[in-house]
Amino acid sequence: MAGIIGYGAYIPRNRIKVEEIAKVWGADAPSYKKGLMLREKSVPSPDQDVITMSVEATRSALTRCGIDAKKIGAVYIGSESHPYAVKPSGTVVAEAIGATPDCHCVDFEFACKAGSEAMFVCMGLVDAGAIEYGLAIGADTSQGAPGDALEYSAAAGAAAYIIGKDDGVAKMLATHSFMTDTPDFWRREYMHYPRHAGRFTGEPAYFKHVTGCANALLEKTNSKPSDYAYAVFHQPNGKFPMRVGKMLGFTKEQIEPGWLAPTLGNTYSGSSPMGLTATLDVAKPGDKIFMVSYGSGAGSDGFVFEVTDALPKMREKAPFTRTLLDENKVYIDYGTYTKYRGKIRKGE
Amino acid sequence: MSTSARYWREIPQRYRYEGAKCKGCGEISFPPRIVCKSCGGREFDTVELAKQGKLLTHTVIRVGPSQFADQTPYAVGVAELDDGVRLTAQIADVDFDELKVGMPVKLEFRKVRDEGEAGIICYGYKFVPVR
Ligand SMILES: [Zn+2]
């Protein structure tokens, strides 16, 4: 049975507060803070992108598990902000960690669930015996259109998982995928910013797919929410994961350790995978963790993990996700933010 | 030579920080050399540089070469890594009044530059302060 052998996260140090964005657009900051439970979000520096964050998250994962990178037979990066339109992100990451050349490499896309997709596929390949280890990454530096509701949440971060056959730090006990064709959020070729269907992104999109996947997974594993120590759901804002957890019968205490969105924002493909890293940072041997991602378009991947005795010793070797989130941050103003994110039109 | 060809050739150093450790005297050359500058030896092992070190000197570039013009002002420094190798690189994520000789820095993978909107993106190492 496949398991998580190593994991790591990366968060850029820049933050922008909801008030700073709201004041530029004449929006009501308290309503975003209360309504969406968002206080601030991470912003990449101009020299950071999906590739650089993926390399750093993977280096932490490798430091934790100490495996030889040459044994990694697959490198899959899930993102909707790959730096190139044509040229894989994965080749750069594989080269930087020393996994080339005997390696399979694909960039995945499925809005916010591309990272969990990479985990899902690595698991399958490991269980099939096709590879010894697989590297699955969820990373994004997503953008919302200036003034759009998404601008308050679209953030940057990465999570990397090394998946292998040994139990590692967490056994992958079960999975389930649930998807339909739902046009709630999209971006056409050559468009700079995505479009979304406003309120339609809630009930028929996020809530339907997350609950659909979660209920099927609970049934498949013959388990109930109280059997789990922790639960991680996709976090497009602070409010949705808490609400969907409550709908399913999970408590705030189960969700809180991996609930990063209020001060991180939505890291898209990185979102639930990063929530899982923060949960692994605190989980105890024997704990079961329930995770469901969500990607617009739309679908969810669900996982059940069981933490092994190897976790506590191994996780100390790289920085905890909460440390990356809470320490060493620097607040930027809206002007700096627009410069960093390339939103300013400059002279030719 | 085109940027992409030269960039590609330097990938082991830019991405994986690979140096050459002399089999005779143990000195690490970065980038690798054909002949060891300490003992004249010609046999080397490939080693990864230490990821941390201390800043020996630093400066702030306010008028940069054309391909870095967009990034000014930016800090550049020379650091001595824990394995004794001296390395020059940009210092990222730093407030200029924070720069100090002896400051602990680590190597991080960053975008070094790109060839405009349509060209390749060049990645490599930068120093960031250890806080
Ligand atoms: Zn020598």
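See the structure printed just above.
Predicted, not measured: the structure shown is a model, and the values here were computed from it. (Residues numbered from 1 in each chain as written. Chains lettered and ligands numbered in written order. Predicted model: local features only at pLDDT ≥ 70, side-chain atom pairs only at ≥ 80, totals over all residues. Heavy atoms only, no water.)

Some details on the pattern of salt bridges
Line of reasoning, step 1. By the definition in use, this model includes 26 salt bridges over all chains.
Line of reasoning, step 2. The closest approach of N and O atoms between Asp 47 of chain A and Lys 126 of chain B, which form a salt bridge, is 2.8 Å. Of the two residues, Asp 47 of chain A is situated in the loop between strand S3 (40-43) and helix H3 (50-65) and Lys 126 of chain B in strand S8 (residues 121-129); the pairing between them involves two chains.
Line of reasoning, step 3. Ionic pairing is found between Lys 252 of chain A and Glu 256 of chain A, a salt bridge with its closest N-O pair at 3.7 Å. (Salt bridge = Lys/Arg side-chain N within 4 Å of Asp/Glu carboxyl O. Helix = DSSP H or I, 4+ residues; strand = E, 2+ residues; numbered from the N terminus.)

Points about the coordination of the zinc ion
Residues and elements named next belong to chain B.
Line of reasoning, step 1. Those protein atoms acting as donors to the zinc ion are Cys 22 (SG), Cys 25 (SG), Cys 36 (SG) and Cys 39 (SG), and they sit at 2.3 to 2.4 Å.
Line of reasoning, step 2. For the zinc ion, the four donor atoms in the first shell make angles of 96 to 115° at the metal, so the coordination geometry reads as tetrahedral.
Line of reasoning, step 3. Mapped onto the sequence, the donors of the zinc ion take the spacing C-x2-C-x10-C-x2-C. Here Cys 36 lies in the loop between strand S2 (28-29) and strand S3 (44-48) and Cys 22 lies in strand S1 (residues 18-22), a separation of 14 residues in the sequence. Accessibility classification places Cys 22 together with Cys 36 in one group, the buried group. (Donors = N, O, S within 2.8 Å, 3.2 Å for Na, K, Ca; no water. Tetrahedral: all angles 85-135°; square planar, octahedral: opposite > 155°, others 65-115°. Buried < 20%, exposed > 50% of the residue type's maximum accessible area, 1.4 Å probe, protein only.)

Side note on the pairing of strand S6 (residues 86-91) of chain B
Residues and elements named next belong to chain B.
Line of reasoning, step 1. Where strand S5 (residues 74-81) and S6 come together, six bridges link them in antiparallel fashion. When the sheet's bridge partners are listed, Glu 80 is paired in S6 with Arg 86.
Line of reasoning, step 2. Adjacent in sequence and paired antiparallel, S5 and S6 are bridged by four residues, among which Gly 84 carries a positive phi angle near 90°. (Pairing = 2+ DSSP bridges.)

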